Every structure is written in C-alpha cells, then in structure tokens.
Amino acid sequence: MVSQSSSVGYTIMGKTADLTVVQKMTIVTLHKEGKTQKVIAKEAGCSQSSVSKHINREAKGRKRCGRKKCTSNRDNRTLERIVKQNPFKNVGENHKEWTAAGVSALRTTTHRRMQDMGFSCRIPCVKPLLNNKQRQKRLAWAKDKKDWTAAEWSKVMCSDESKFCISFGNQGPRIWRKRGEAHNPCWLRSSVKFTQSVMVWGAMSYAGVGPLCFLRSKVNAAVYQEVLEHFMLPAADQLYGDADFIFQQDLAPAHSAKATSTWFKDHGIPVLNWPANSPDLNPIENLWGIVKRKMRYARPKNAEELKATMRATWALITPEECHRLIDSMPRRIAAVIQAKGAPTKY
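Model, not experiment: these values are computed from the prediction.

1. Concerning the overall build of the protein chain
Argument step 1. What the protein chain contains, in helices and strands, is 15 helices and eleven strands.
Argument step 2. A total of 346 residues make up the protein chain; the buried ones form 39% of that total.
Argument step 3. Of all intrachain contacts in the protein chain linking residues separated by at least 6 positions in sequence, the fraction that spans at least 24 positions is 73%.
Argument step 4. For the protein chain, the accessible area works out to roughly 20,900 Å², and carbon and sulfur atoms hold 52% of it.

2. Overview of the packing of aromatic side chains
Argument step 1. All chains considered together, the criterion is met by eight aromatic pairs.
Argument step 2. When the ring of F164 is compared with that of W288, the centres are 5.8 Å apart and the planes differ by 75°; the resulting orientation is edge-to-face. Of this pair, F164 sits in the loop between β5 (156–162) and β6 (175–178) while W288 sits in helix α12 (residues 283–294); the two residues are 124 residues apart in sequence, bridging distant segments of the chain. Taken individually, F164 and W288 each receive the classification buried, so the pair is uniform in this respect.
Argument step 3. Look at W263 and F264: their rings are 5.3 Å apart centre to centre, the planes differ by 90°, and that puts the pair in the edge-to-face class. Just as W263 is buried, F264 falls in that class too.
Argument step 4. Aromatic ring contacts, followed pair by pair, group W141, W148, W153 and W274 into a single cluster.
Argument step 5. Its guanidinium or amino end placed over the ring of F164, K292 lies 4.8 Å from that ring's centre, counting from NZ or CZ.

3. Focus: the environment of A334
Argument step 1. For A334, the position within the fold is in helix α15 (residues 329–338).
Argument step 2. A334 gets classed as partly exposed once you look at its relative accessible area, which sits at 42%.
Argument step 3. Between the C-alpha atoms of A334 and A142, which are 192 residues apart in sequence, the distance is 7.4 Å.

4. Quick notes on the confidence of the model for the protein chain
Argument step 1. With 87% of its residues at a pLDDT of 70 or more, the protein chain has an overall mean of 86.
Argument step 2. Segment residues 1–16 is flagged for pLDDT under 50; beyond a separation of four residues in sequence, or across chains, it makes 25 contacts in the model.
Argument step 3. Long-range and interchain partners of residues 192–197, a stretch whose pLDDT sits below 50, account for seven contacts in this model, where long-range means more than four residues apart.

5. Some points on α12
Argument step 1. Counted at 1.5 Å a residue, the expected span for α12 with its twelve residues is 16 Å, and the 17 Å between its end C-alpha atoms agrees.
Argument step 2. Taken residue by residue, α12 has P283, I284, L287, W288, I290 and V291 as its buried positions. Taken down its axis, α12 places every buried residue within 155° of arc, on the same side.
Argument step 3. Buried positions along α12 lie against β5, β8 (199–205), β9 (208–209), α13 (303–315), α14 (319–327) and α15.

6. So, the nonpolar core
Looking at soluble globular proteins, one finds that nonpolar side chains tend to be buried together.
Argument step 1. The biggest cluster of nonpolar side chains holds 30 residues, and the ones touching the most others in it are W141, W153, F164, M204 and L287.
Argument step 2. Going through the elements one at a time, α7 (132–145), β5, β8, α12, α13, α14 and α15 are the ones with two or more residues in this core.
Argument step 3. With five residues, α12 is the largest single contributor of residues to this core.
Argument step 4. Not counting residues within four places of it along the chain, the set of residues in contact with W141 comprises W153, L272, N273, W274, P275, L281, M329 and I333.
Argument step 5. Ranked by size, the runner-up nonpolar core spans 21 residues in total, among them M157, L228, L239 and I269.

7. Considering unusual backbone geometry
For residues besides glycine, phi is generally negative; the peptide bonds are generally trans as well.
Argument step 1. Positive phi, normally seen in glycine, also occurs at N277, with a value near 50°.
Argument step 2. Position of N277 among the secondary structure elements: in the loop between α11 (258–267) and α12.
Argument step 3. Backbone geometry places K340, a non-glycine residue, at a positive phi of 55°.
Argument step 4. By the secondary structure assignment, K340 is in the segment after α15.

8. Here we look at the environment of L30
Argument step 1. With respect to the element layout, L30 can be found in helix α1 (residues 21–32).
Argument step 2. A relative accessible area of 14% places L30 in the buried class.
Argument step 3. The sequence separation of L30 and A41 amounts to eleven residues, and the corresponding C-alpha distance is 9.9 Å.

What counts and how
- Residues numbered from 1 in each chain as written.
- Predicted model: local features only at pLDDT ≥ 70, side-chain atom pairs only at ≥ 80, totals over all residues.
- Heavy atoms only, no water.
- Helix = DSSP H or I, 4+ residues; strand = E, 2+ residues; numbered from the N terminus.
- Buried < 20%, exposed > 50% of the residue type's maximum accessible area, 1.4 Å probe, protein only.
- Contact = heavy atoms within 4.5 Å.
- Areas by Shrake-Rupley, 256 points an atom, 1.4 Å probe, with all protein chains shown as cover.
- Phe/Tyr/Trp six-rings, centres within 6.5 Å; stacked < 30°, edge-to-face > 60°.
- Lys NZ or Arg CZ within 6 Å of the ring centre and 35° of its normal.
- pLDDT = per-residue confidence, 0-100.
- Expected span 1.5 Å × (residues − 1).
- Arc of directions from axis to C-beta.
- Core = buried A, V, L, I, M, F, W, Y, C linked by side-chain atoms within 4.5 Å.

Below is the structure:
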C-alpha cells in the first residue's frame, strides 16, 4: 500500500481519511479560484475523489438525517389550510380534522407540523369592529391631519376611560398564526364598544399625565361634566398653565352629548374632532397598556387596593414616556392612510 503525506493532511490510496479544517478551507478557496480538482487535490494533500465529494457536499448541502417523514407535502398543505380556515381551533381539533381527511399521524406530529409551518399559539389582538363608513371617515380624518407637526400635537391633551380588573389573566382564546401576522384581519378578535359600569378617567399630554378620576356610576353627560370640571381643568392647569391647548376625547355618548358640547363652549375649550372607534389613534390607549403591564405582578385583594396600586403606578409615568407616545402621532396617521382606514397595529 502506497501512502502520501503533506503538512496539511494525508491520503491513503483506496481509502480517504477525514479531511481536516485546513484541507476543507483549502479546497473551497482553490475551487472558487477556478483550479482543477487535480491541482486542488495536490495542494490540499488528499485524493481527487475527496475533493470532488467535498465540493459537491458544499454545493448541495448535507442530506437530512433521521427517519423519513410520515406525511407528504400534500398532507402538510391540507393541515395548513385547516389551520388558516379557523385559527381559533386548538391542536386537538386541528388534529381530528386532519386525520379525518385521511392523514395517518399522531397528535404530536400535528403539533410539530404546525410549528414547522411557522404557526405559534398567540393571544389575538383586539381591534374595534369598523364598517365601511367609519373606515372612510378615519381615512379622511387622517388625510386632514397628515401635515400636523409634533409641535401641534404637543398642544393636544388626550383623554380616555379604561377598565381595570383585579385579575389581568383572562385574555380570551388563543389563535394559531405566523410571525408578523398579528394584525392580519384574519387573526383579529373584534371588540364591540359597550357601557362600562366602573371606569377610571385619565388625561395625558406631551408634558406628562394629569390626575386619575375613579368613576363610581354609569358615565352620562352630567357625570362626565363633573369629571371635566374637577379633574380635566386641574390637569390642564398642571400640564399647560396659561398656554392654549386642544382637548381630545372619543365619541362616547356622554362625550358627544349636546350638554357636554355646551360645557366646552362655555369654558372656551376647543375640542379635536375625532373619528369613531379609533383607539389606535389615541396614544393614551398605549399608556393604559403600559400601566397594566407594570401592574402585572400586583395582586390587589379588593377595589381599594387596586385603586391604590393604579395611583402609584400612574405616578411613575415619566414625561419621556409621554413624549414618545405623542411623537408617534404622525406614524399612526400614516398607518391609517396606508391601511385605507382599517385598524392599525397601534
């Protein structure tokens, strides 16, 4: 048996030894330079067949090891179609429907195939239910405000009510979706506005946040005007001083009542026109989300403890956080225009 050796490796005629890292790098480099396999084999100190095998392996990639999959590409497409038809189904329900279509697979196989396709079990985003008329009004509003500067938005005081619960764990059913599809209309859970029995009212601006108001009764026009009188006006003094500002509110019945409109006129406060069902345009909605996330690990035992936790958490909101939210208004408006009035990721 004849043997050949070099400084970088060795080859035994009739049997090729494993290539070293240096030999592999040499083969790849010389191959890119256009050298023949015979020249490469001589430079790398290995057989020509080893060079050929390594070049082919690099070009095609290593073959997948392990047992052959028990489902075909056609079976997998069937499963993907089942998941997309109803993303709210759990793994067991998808598995049952898949096997009913003639596929022989275990439940764990169904779960793996869904993950291989890129599906993950997520909590669906909640977006308001919009009709075509509301979408057109949102689009028209966004086009009207698209040229507003950050300085103009800094003069707007944003307000809203929000419901806080003692437990934040009940987030509803989950869905199967792929990364980047959170705001696809197919994966959204629609929310329909209804009157809350207990709410908290708050306001924010570029300068920071105003005091919270806890509402003990149903919010009608009279109750809302009391909130404006005893909480909104002090918040305006705190955030704006003697400077002019524009007040923002949604189109809840108590907000759009004639008596409330008269109250604003009597006090000389301009109100920003606002499209219906547009929480994605209101930065205070994101602020409520920040507060709830900060309270995630709080365990209040009753309503009074919950209120105390909310006050403490609200007091920790910094002007910088408010700056970022108000500065996002041009992006929110651009997103509404791009979506042609449909709900956006905000």
